[in-house]
Amino acid sequence: MTLLATLISLFVPIIIGFGFVRTCIPGEKHLCRHDWLRLCLGIGIGFGLCSCALFVWLLTYGGVHAAYIAVEIGLAMIFGVLAAYNATGCGLCKSSTAPETSPAGWNRPLLVVCGLIFLSACLSFALESGIHPEGQGDAWAIWNLRARSLFRGGEQWRNAFSGTLVWSHPDYPLLLPGSVARSWIYTGTETQNVPIGIAALFTLATVGMLAAGLSTLASREKGLLAGIVLLGTASFVKLGVAQYADMPIAFFVLASIVLLCIQDRLPMSGAVLVGISAALAAWTKNEGLLFFAILLITMKWTKRPVSKVLMGAVCILTLIAIFKVSLAPPNYLAKSGSTALLRKLTDPSRYVLVAVGFAYQLIHFGGQRLNPLVPLLAALLLLKHTAKRGARSSAMILSSMCAGVAFVYLITPFDLAWQIAWSLNRLLLQLWPSALFTCLYIVDFPSPRQQHVGAGPRESSAQR
Amino acid sequence: MRGSLALLAMIAFATASSVTLLSDEIFRYVHRTPNIVGIPDTAVMGLRSIVPKGETLGFISDGSDPGAVGRRLYGATYSLVPLVIDSGANRRFIIGDFRTKASISIALSQHRLRIVKDLGNGFLLLAAR
């Protein structure tokens, strides 16, 4: 019975998300190949919207209650009906681009390898979940702890943000804890299958989003290849099974960047989805706020309109503001005085330490002594790469995120070496799916088709 | 040719990494040991009937490694939430984390405490005398 309730609790957000995405990016009456993209996007968006709905419920009614399930069922029905009503044809199918820079003839071998690596990753995920069903340290010390507070707390749910629990980062937003807590309302018990299931869904959705995004923008072969490399990154799979919020934020960063790249082929509501996805990144972890700001600056820089993006983000940003102002204690960065800040920024040894930290983590990236950056860099060096729609924006966002992370390290009040060792590999993994997407998007695999097919999705003269 | 080489290199790296991860996980799964985070669930039920709702508990430990003591505190908080646990012995109820039995009597006399309940996994519920 608990297993069935768990499955239903995980299925409802997927319906809500898929319906919402299909409303924003209309599809055919029947399913088309681009519904993979909508489905993967819908998984993350659905959990994001449900966690927001739970937060609004908690603020309104002051504690979780089984009646909340009716709200989600209602949302699922509304978005289901809207999606069906809005099924006026798939704009992505109509504006398909020729896959002129893909490794032609590799489709079937890539499909087989991708299937085998997917199976291997699923087995690894299941075994690790069996060893550590509660997830790794931060999962129970931060994310599942907060989920338990929301679920068990009743009218005292605000205790989750007590200043006494400063070590559990009570200023982190509620996407992941909210998603877990709302599923426990369905099950009635704190089954560990829920956080495991949510971790699995976000990992799967990230891989799917990468593969489907590249399939839409370039070709199926590139999508499969990207899926193989991502699933073959051992530390990525380990991060997924750890039940940390780094996987959801990696998903939302990737989703925002993919949507930014296909924005020209989407209706106006596509830009709204960019805003929602980026705002959900901010609703996941504080790094998401940095990402949201960088996304807006980049869009302004590349002369893309930001009004629709802001329109999509405004509701979620309002919830984040309510959370930060009324519940969350100040972030540790806000506690540093200006003198201490200046001293840290003018200390050359800190710059050296940050640079060494980045170099070390990049050399040891991926785990298992098999660095996936090596073949990727080789491909970038050996093969031609051309500017494509959105690729420059994507590269700017990712490099700005790295710069932003480095800046945070420079001013951190904690021991710098400890913080780098503890967090930098995870922060780089947050950007890894998006970096992989950008690299494989711009790289041109020479193929016989290239001579016969005309220009594809090249960068417009605006060089976005 | 170069395109195929690059593609094969990516596939080879990913396959090797995936196989290594799987074999590691199989080894770790076969040799896994029971892993309880914080206080066992059965003891948590009993503790709830003793400690009033909304109470903040103290926490003392005989551990010398601050990192390990911190993890034990986080584990206990994870088990007892929404009760809040604060480091120190200045509370009505205190969670004691003892790795060695010899240190229990020392801690009890030092902080003038008594044992209320053995929670298991090295944790004791203590109260002021």
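Residues numbered from 1 in each chain as written. Chains lettered and ligands numbered in written order. Predicted model: local features only at pLDDT ≥ 70, side-chain atom pairs only at ≥ 80, totals over all residues.

Asker: Sorry, what's going on with the overall build of chain A here?
Answerer: Of the regular secondary structure elements, chain A holds 20 helices and 0 strands. Here chain A has a C-alpha radius of gyration of 22 Å; the compact-globule value for 464 residues is 23 Å, and the two agree. With the principal axes as the frame, chain A shows a C-alpha extent of 65 × 60 × 45 Å. Of all 464 residues assigned to chain A, the portion counted as buried reaches 54%. (Helix = DSSP H or I, 4+ residues; strand = E, 2+ residues; numbered from the N terminus. Rg over C-alpha atoms; globule rule 2.2 N^0.38 Å. Buried ≥ 20, exposed ≤ 12 C-beta atoms within 10 Å, placed from the backbone.)

Asker: Is there a simple way to explain the overall build of chain B in this structure?
Answerer: Regarding its fold elements, chain B presents 4 helices and 5 strands. Taken over C-alpha atoms, the radius of gyration comes to 23 Å for chain B, far larger than the 14 Å a tight globule of 129 residues would show. Counting the 129 residues in chain B, one finds 36% classified as buried. For chain B, restricting intrachain contacts to residue pairs at least 6 apart in sequence, the fraction spanning at least 24 positions comes to 70%. (Contact = placed C-beta atoms within 7 Å.)

Asker: What's the story with the domain arrangement of chain B in this structure? I'm lost.
Answerer: The extent of an interface is frequently quoted as the accessible surface area lost upon association of the parts. Looking at chain B, the domain boundaries give domain 1 (1–32) and domain 2 (41–128). A C-alpha centroid distance of 44 Å is found between domain 1 of chain B and domain 2 of chain B. (Domains from an automatic or database assignment.)

Asker: How should I be thinking about the interface of chain B and chain A in this particular structure?
Answerer: On the side of chain A, 49 residues touch chain B, which itself brings 35 residues to the contact. Of all the elements in the fold, those that place two or more residues in the side of chain B that touches chain A are α1 (2–30) and α3 (66–80) of chain B. When its residues are assigned to classes, the side of chain B that touches chain A shows 19 nonpolar, 10 polar and 6 charged. (Nonpolar A, V, L, I, M, F, W, Y, C, P; charged D, E, K, R; others polar.)

Asker: Looking at this model, I keep getting lost on the confidence of the model for chain A. Mind explaining?
Answerer: Of all residues in chain A, 94% have pLDDT values of 70 or greater, and the mean over the chain is 91. Counted against residues more than four places away or in other chains, residues 451–464 of chain A, with its pLDDT under 50, gives 27 contacts. (pLDDT = per-residue confidence, 0-100.)

Asker: Can you help me understand helix α10 (residues 234–241) of chain A in this one?
Answerer: Counting along an α-helix, one turn takes 3.6 residues, and residues three or four places apart therefore face a common direction. Taken across its 8 residues, α10 of chain A has 8 buried, putting it largely inside the fold. All buried positions along α10 of chain A are accounted for by A234, S235, F236, V237, K238, L239, G240 and V241 of chain A. Against the buried residues of α10 of chain A lie α5 (107–131), α8 (193–217), α9 (220–231), α11 (246–261) and α19 (416–442) of chain A together with α1 of chain B. Backbone geometry just after α10 of chain A places Q243 of chain A at a positive phi near 65°.

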